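Structural overview
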Protein chains: 2
Amino acid sequence: MLRILISGMVLFTMTNMIQAADQVVADVVLGIHGGIGVDKKEMTPELDKEVRAGLKSALEAGHAKLKAGGSSLDAVEAAIRVMEDLPVFNAGKGAVFTNAGTNELDASIMEGKTKKAGAMAGVMTVKNPISGARAVMEKSKHVLLIGKGADSFAKQQGLEIVDPSYFATEPRRKAIEEIWKREEEAKKKRSDAESLQPELPKKKSEYGTVGAVSLDGMGNLAAGTSTGGMTNKMAGRVGDSPIIGAGTYADNDAAAISCTGHGEFFIRYAVSHEIVSQMKYKGLSGAAASDDVINKQLKNAGGEGAAIVLDRAGKFVTAYNSEGLYRGCITKDGTVQIKIYEE
Amino acid sequence: MLRILISGMVLFTMTNMIQAADQVVADVVLGIHGGIGVDKKEMTPELDKEVRAGLKSALEAGHAKLKAGGSSLDAVEAAIRVMEDLPVFNAGKGAVFTNAGTNELDASIMEGKTKKAGAMAGVMTVKNPISGARAVMEKSKHVLLIGKGADSFAKQQGLEIVDPSYFATEPRRKAIEEIWKREEEAKKKRSDAESLQPELPKKKSEYGTVGAVSLDGMGNLAAGTSTGGMTNKMAGRVGDSPIIGAGTYADNDAAAISCTGHGEFFIRYAVSHEIVSQMKYKGLSGAAASDDVINKQLKNAGGEGAAIVLDRAGKFVTAYNSEGLYRGCITKDGTVQIKIYEE
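The notes below deal with the structure included here. Quantities reported herein were computed from a predicted structural model and do not represent experimental measurements.

1. Observations regarding the interface of chain B and chain A
Interfaces are often described in size by the accessible area the parts lose on coming together. Listed per partner, the contact involves 49 residues of chain B and 50 residues of chain A. Across the interface of chain B and chain A, roughly 4500 Å² is buried in total on both sides, 60% from carbon and sulfur atoms. For chain B, the biggest contributors to the area lost against chain A are Lys141, Arg268 and Tyr281 of chain B; these three give 18% of the whole. Counting every contact that joins chain B to chain A gives zero salt bridges. Between chain B and chain A we count 20 residue pairs in polar contact (both at pLDDT 80 or more) in total. Put simply, the parts of the chain that give the side of chain B that touches chain A at least two residues each are strand E6 (117–123), strand E7 (144–146), helix H4 (147–156), strand E10 (237–238), helix H6 (263–268) and helix H7 (271–281) of chain B. For the side of chain B that touches chain A, the element with the highest residue contribution is H7 of chain B, accounting for five residues. Counted by class, the side of chain B that touches chain A contains 23 nonpolar, 15 polar and eleven charged residues. Pairing of strand E7 (residues 144–146) of chain A with E10 of chain B, which is carried by two bridges, proceeds in the antiparallel orientation. Looking at E10 of chain B, one finds that Leu144 of chain A is bridged to Val238 of chain B.

2. A word on the packing of aromatic side chains
Residue and element names in this part refer to chain B. Under the definition given, this model contains four aromatic pairs over all chains. Aromatic side chains Tyr166 and Phe167 sit 5.0 Å apart centroid to centroid with 75° between the ring planes, which places their arrangement in the edge-to-face category. Each member of the pair, Tyr166 together with Phe167, is buried. The residue whose ring lies beneath Lys40 is Tyr341, and the NZ or CZ to ring-centre distance is 5.3 Å.

3. Quick notes on the side chain of Thr98 of chain A
Residue and element names in this part refer to chain A. Along the chain, Thr98 falls in the loop between helix H2 (72–85) and strand E5 (105–111). Relative accessible area serves as the criterion here: at 0%, Thr98 is assigned to the buried category. Side chain to side chain, Thr98 and Thr102 meet in a polar contact 2.7 Å long. Setting aside anything within four residues of it in sequence, one finds Thr98 in contact with Glu104, Ile176, Trp180, Asn232 and Lys233.

4. Looking at the nonpolar core
Among the nonpolar cores identified, the biggest contains 106 residues, and Ile257, Val271 and Ile275 of chain A together with Ile257, Val271 and Ile275 of chain B are the most heavily contacted of them. Excluding its chain neighbours within four sequence positions, the residues that come into contact with Ile257 of chain B are Val213, Ala223, Gly247, Thr248, Tyr249, Ser272, Ile275, Val276, Ala307, Ile308 and Val309 of chain B.

5. Let's talk about the relation of the copies chain B and chain A
Once chain B has been moved 0.0 Å along the axis and rotated by 180°, it coincides with chain A to within an RMSD of 0.0 Å. Taken together, the rotation angle and the small translation identify this as a two-fold axis. No C-alpha of chain B lies nearer the rotation axis than that of Tyr281 of chain B, which sits 2.7 Å from it. Comparing interface residues between copies, 98% of those in chain B also lie at the interface in chain A; the contact surface is shared.

6. What about the pattern of salt bridges?
All names here are of chain A. Counted under the stated rule, the structure contains 28 salt bridges over all chains. For the salt bridge of Asp74 with Arg134, the shortest nitrogen-to-oxygen distance reads 2.8 Å. With a gap of 60 residues between them, Asp74 in helix H2 and Arg134 in helix H3 (residues 129–139) connect regions that are remote in the sequence. By relative accessible area, which is 22% here, Asp74 ends up partly exposed. By relative accessible area, Arg134 is classed as buried at 13%.

7. Quick look at the pairing of strand E13 (residues 305–311) of chain B
All names here are of chain B. For E13, the tally of buried residues reaches seven of seven residues, placing the bulk of the element in the interior. Of the two faces of E13, the one carrying Gly305, Ala307, Val309 and Asp311 and the one carrying Ala306, Ile308 and Leu310 are both buried. Relative to E13, strand E12 (residues 255–261) is paired through seven bridges, and the arrangement is antiparallel. Directly across from Thr260, in E13, lies its bridge partner Ala306. Pairing between E13 and strand E14 (residues 316–320): five bridges, direction antiparallel. By the bridge assignment for E14, Leu310 is matched with Phe316.

Quick notes on the rules
- Residue positions are given per chain, counted from 1 along the sequence in the order it is written.
- The order in which chains are written sets their letters, starting at A; the order in which ligands are written sets their numbers, starting at 1.
- Predicted model: local features are reported for residues with pLDDT of at least 70 only, side-chain atom pairs are reported and counted for 80 or more only, and whole-chain, interface and lining totals are derived from all residues.
- To obtain the side-chain values, all non-hydrogen atoms of the structure were included, while hydrogens and water were left out.
- Should any heavy atoms of two residues lie within 4.5 Å, those residues are considered in contact.
- Reported buried area values correspond to the accessible surface (1.4 Å probe) lost by two parts on association, with both partners' losses combined.
- Any carboxyl oxygen of Asp or Glu within 4 Å of a side-chain nitrogen of Lys or Arg constitutes a salt bridge here.
- Residues adjacent in sequence count toward polar contacts only when both atoms are side-chain atoms; beyond that, a polar contact is any pair of N or O atoms within 3.5 Å, and within protein one must be able to donate a hydrogen and the other to accept it.
- Labels follow the DSSP assignment, with helices taken as runs of H or I lasting at least four residues and strands as runs of E lasting at least two, numbered in each case from the N terminus.
- Only Asp, Glu, Lys and Arg are considered charged in this grouping, and only Ala, Val, Leu, Ile, Met, Phe, Trp, Tyr, Cys and Pro are considered nonpolar; every other residue, Gly among them, is considered polar.
- A pair of strands counts as paired when DSSP detects no fewer than two bridges linking them.
- Each aromatic pair joins two rings of Phe, Tyr and Trp (for Trp, the six-membered one) with centres within 6.5 Å, and gets the label stacked for planes under 30 degrees apart, edge-to-face for over 60, and tilted for any other angle.
- The classification of residues rests on relative accessible area computed with a 1.4 Å probe and restricted to protein chains. Under 20% of the type maximum is buried, over 50% is exposed, and intermediate values are partly exposed.
- The rule for a charge over a ring is simple: NZ of Lys or CZ of Arg within 6 Å of the ring centre, and within 35 degrees of the ring normal.
- Nonpolar cores are built from buried Ala, Val, Leu, Ile, Met, Phe, Trp, Tyr and Cys residues. Side-chain atoms within 4.5 Å join them into one set.
- Superposing copies: least-squares fit, C-alpha atoms only, residues required to have pLDDT of at least 70 in both.

On their own, these measurements won't tell you what the molecule is for.
The following block contains the structure:
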């Protein structure tokens with residue numbers, strides 16, 4: 001177990017941080033992740049099955065778009081929408097709760113050819129935040145919209161709007177209630193209880209994310225990421241998912257990237273843009289660049305997480321320093337690969 | 001005049017885009033900017049004097065911190081606080097108005113040694129958003145807080161809270177009212193008036209920013225940026241100023257950077273992190289890297305703006321593709337240099 005002390009404060013406590021990367025898969029047109037998953041000891045056969053089935057349907061939805069002549073952007077959006085709709089992933093329906101008892105969603109999308117991008121943060125009524133992000137990119141003059149302004153924009157654009165309660169699920173509610181109970185106990189024991197800040201999640205499933213990267217027949221890359229954020233996050237906290245350069249980046253000269261993990265570290269290290277930069281300016285492969293950033297820079301700093309990388313030649317790699325990563329990819333001819341741990 | 005067409009929509013209309021950089025200044029301990037200023041034809045002797053005096057007091061406030069043994073972070077915060085308090089700059093008091101008639105403020109700060117960072121976006125009651133950003137960095141487990149959650153956190157941390165009306169000034173109100181009047185006229189002439197989006201500002205002064213970069217006696221770099229955003233921005237729109245890697249970045253292995261300009265482009269090109277990356281991985285100087293990003297990449301994309309860069313050896317450079325840039329620097333021995341246009 002590793003404890004990182006900065007300014008005398010325990011920023012993050014980690015167990016089981018590893019150093020891993022899959023072998024490169026060639027001819028990939030769509031790669032996805034569904035967050036760094038759960039500790040092996042918490043995995044059940046039912047959950048394993050549910051996750052793999054969810055990843056498979058997301059891959060198939062994106063692949064269908066590409067087969068029909070859609071763009072990489074279409075594939076990314078379609079794959080992420082499937083995962084947003086599935087409660088097993090921490091994005092859209094099934095998002096974790098904030099410390100204010102709300103579900104606040106973030107997403108971003110970017111295309112590698114034009115470097116156009118769009119993002120939403122802290123939305124509470126947009127059924128599919130990834131489509132909201134795409135609307136910001138294509139229909140507004142802005143890149144990032146937050147809060148009520150973002151919700152209003154999505155409504156004005158005719159996107160599907162839901163009641164905030166749509167996102168809440170029983171297991172996520174139970175998770176936040178357990179944390180609140182522990183916090184109450186802790187407060188009783190402290191004289192300076194007022195200054196206590198929300199407890200950070202201990203389970204990996206409490207700061208999941210979903211993401212996708214795609215390469216289309218025109219040779220254009222795209223990337224997207226969507227999340228409910230971190231369980232018990234302070235209301236208003238934004239992680240890396242809606243931040244272009246942190247959770248998401250796409251550049252036709254290098255790769256499309258989507259990240260998941262402890263978002264604060266991914267912002268500080270500008271992880272997705274750092275991988276692109278090492279590919280462009282150090283001449284590294286996606287595998288070498290993501291290994292350096294995830295398994296050296298982030299690991300040394302104590303930042304747990306993962307990145308999926310699809311380069312302009314269709315080579316797909318994943319790097320993760322967590323025990324596992326829900327992930328999958330599909331090749332042009334429809335061959336699917338899905339993994340959770342090192343396997 | 002250059003018009004950029006993407007998806008059939010005029011994203012930005014520019015006049016007077018130039019390509020400029022000052023000569024490198026050595027032994028700098030603090031560099032600042034106050035936004036890309038105003039067109040020469042709008043400049044008056046009074047405004048010129050007010051801007052130069054404001055920049056000078058900001059430099060002196062930061063320098064005093066360093067002389068007293070303060071850190072580069074202290075100097076950055078002190079210099080930016082001065083500019084936030086001066087209505088002539090678009091940050092803190094004197095911030096521009098959103099299309100909802102509110103003043104919504106963004107800021108970020110980062111230190112190069114630890115790569116710790118903090119940011120706030122869309123706050124409406126924090127008198128000095130740069131101090132709010134520093135509190136997020138030092139007192140929370142998060143990097144970016146937005147909206148009401150950010151305002152509450154600042155209050156809880158004992159920062160100075162003001163009524164939202166504190167930020168409003170007569171000239172900024174006049175500017176937004178003129179835009180609204182034009183929008184009303186435009187709506188009358190359109191059948192699809194409902195779908196009209198807020199007009200983008202035409203004057204440079206309507207999307208200003210302030211920022212600072214510093215190097216202290218311990219060899220540590222820091223950078224910070226603060227803004228009221230873009231006049232008539234859609235409520236909820238966030239630009240590059242609070243985005244680590246876009247408007248602000250600091251890395252002791254390369255440089256501290258603060259940017260200003262048309263924020264959407266700075267996010268898409270991850271400008272501050274891109275400059276750091278070119279310095280680290282291509283071995284470029286701060287001057288060469290910022291020239292490539294501001295005067296080639298951004299200029300080609302139609303993104304108007306500027307970056308100030310202070311490297312770990314104390315070399316200070318500015319690159320801007322706008323007609324001017326309010327800027328200044330101070331050396332260890334207290335020598336001050338202040339400029340507005342190419343001079």
